[in-house]
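Breakdown of the fold
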Amino acid sequence: MIENYNHFLLVCGFAFLLGGFAPYFLKRLPLSLPMLQVILGLTIGYLWTSFPFLSPIDNGTFVEKLCELVVLVSLVGAGIKLDTPLKYQRWRPTIRLLLITMPLCIVAMAALGHYIFSLSLGAALLLGAVLAPTDPVLASSVQVGPPNGEGEDLPRFSLTSEAGLNDGLAFPFVYLAIKIAEQFTTTDKITSNLLLDWFTMDVVWRIAAGLVIGVAVGKIIGRIVFSNRTKETALSQGYVIIAITLLAYGLAEFIHGYGFIAVFVAAFAFRRTQHRHDYHEELHDFAEQSEGLLMSLVLVIFGMALGQGLSSGVELTWQVYAVSLIILLLVRPLAGWIGLAGLNLPHKERFTIASLGIRGTGQSHYKTLPNRTCSR
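Residues numbered from 1 in each chain as written. Predicted model: local features only at pLDDT ≥ 70, side-chain atom pairs only at ≥ 80, totals over all residues. Heavy atoms only, no water.

The helix and strand inventory of the chain stands at 14 helices and 0 strands. For the chain, the sequential pattern of α-helices and β-strands runs α-α-α-α-α-α-α-α-α-α-α-α-α-α. The 376 residues of the chain split such that 49% are buried. Relative to all contacts within the chain whose residues are 6 or more apart in sequence, the contacts with residues 24 or more apart total 80%. A total accessible area of about 18,700 Å² is found for the chain, and carbon and sulfur atoms account for 66% of it. (Helix = DSSP H or I, 4+ residues; strand = E, 2+ residues; numbered from the N terminus. Buried < 20%, exposed > 50% of the residue type's maximum accessible area, 1.4 Å probe, protein only. Contact = heavy atoms within 4.5 Å. Areas by Shrake-Rupley, 256 points an atom, 1.4 Å probe, with all protein chains shown as cover.)

Within the structure shown, the criterion is met by 9 aromatic pairs. Each ring, one from Trp-91 and one from Phe-268, has its centre 5.5 Å from the other, and the planes form 75°; the classification is edge-to-face. Here Trp-91, found in helix α4 (residues 88-116), pairs with Phe-268, found in helix α10 (residues 259-271); they are 177 residues apart in sequence, far enough to count as distant. Residue classification places Phe-268 among the buried residues on the basis of a relative accessible area of 9%. Ring geometry for Phe-226 and Tyr-279: centres 6.2 Å apart, planes at 85°, overall edge-to-face. (Phe/Tyr/Trp six-rings, centres within 6.5 Å; stacked < 30°, edge-to-face > 60°.)

To continue, consider helix α7 (residues 171-183). Relative to the 18 Å expected for 13 residues at 1.5 Å per residue, α7 spans 18 Å between its end C-alpha atoms, a close match to the ideal helical length. Most of α7 is tucked away, with 10 of its 13 residues classed as buried. Of the residues making up α7, those classed as buried are Phe-171, Pro-172, Val-174, Tyr-175, Leu-176, Ala-177, Ile-178, Ile-180, Ala-181 and Gln-183. (Expected span 1.5 Å × (residues − 1).)

Take unusual backbone geometry next. Here the phi dihedral of Ser-118 falls at roughly 55°; this positive angle occurs in a residue that is not glycine. Structurally, the position occupied by Ser-118 is in the loop between α4 and α5 (121-131).

Per the UniProt entry, the sites bearing "transmembrane region" (unreviewed entry) are residues 6-26, 38-57, 94-117, 203-221, 255-271, 292-310 and 316-340 in this numbering. Here residues 292-310 runs as 100% helix and 0% strand, with 27 Å between its end C-alpha atoms. (UniProt positions renumbered as here; feature names shortened; annotations may be inferred.)

What follows concerns the nonpolar core. Val-76, Leu-165, Val-240 and Phe-270 are the most contacted members of the largest nonpolar core, which totals 64 residues. In terms of residue count, α10 provides more of this core than any other element does, 10 residues in total. Core analysis: the second largest hydrophobic core is formed by 19 residues, Phe-8, Ala-15, Leu-299 and Ile-301 among them. (Core = buried A, V, L, I, M, F, W, Y, C linked by side-chain atoms within 4.5 Å.)

Structural data, given as structure tokens:
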């Protein structure tokens, strides 16, 4: 156990060192930091196979919680850096992406899973729900910049706000897939009681609870931080960021709401309190650095899992590669184009928003949820 712990610390050291020297490497190589981190992990995993404790299959809970933490930090950072207020006209593309594009992606991906991989209805729907959300972590390079900065154009704002909410809004479909799989163990029919229970609890209640908790936590902490007594005090940005994240997530999950939604909404509500204050920039910098550290570790571990798979002779079928390309190059762009129809956007902006549906850390969190798998 101690040896495994020491190995884990060694992996952390490699991951963080690479992240620190990334600007030096990236000036000379046509690569991004995530690509370098995955390559490093793949090399370690292929040459050094004594890290079974980092396997996402054998240690799903650990990998899930690590990915969950990265996503939470990314969500709070995304909420804080949004300059745009909550106005319907500005948020219309985001609403379309969440209510039209994501369900279309889920249906299309579920169909691919059912007809190409011969998955059951529940398993296929779970596959669609897992793969549909865009990732708030790896998509940071195409998101808006720091608070009170320049560059919050419509494509960047839409991609940032979509990534902040769609991880949480994919959960109703995850729960629906689980309920269908459980139902099919006793009958081959989807009953009205199942759908009613899913809609009232997993859609209405859990989403509403996440929104209410998020607004309450963000507003209350914002009033405390920017009160007359503390306005000029150098409050530790680390404490505040962690407090917003854990309070919003913990309270939402405690009342069976969606914690991911609560965290993003809390950060956004906090940002709207004294939204021009320089303190928001300090919070964003802390969140961005924390996200970078955790993302480095997750990507190196992901690369190690790939390397271990290659070294053990695991091979993927051509169907896996074909479906992956279809999802990235066809399903998301088409669903995004349909979702944004009628908004009178320039074709270039519409294509950019529709095409950049980056997948990554969030998918790892969904895939390792304990006791939430559907059998074929």
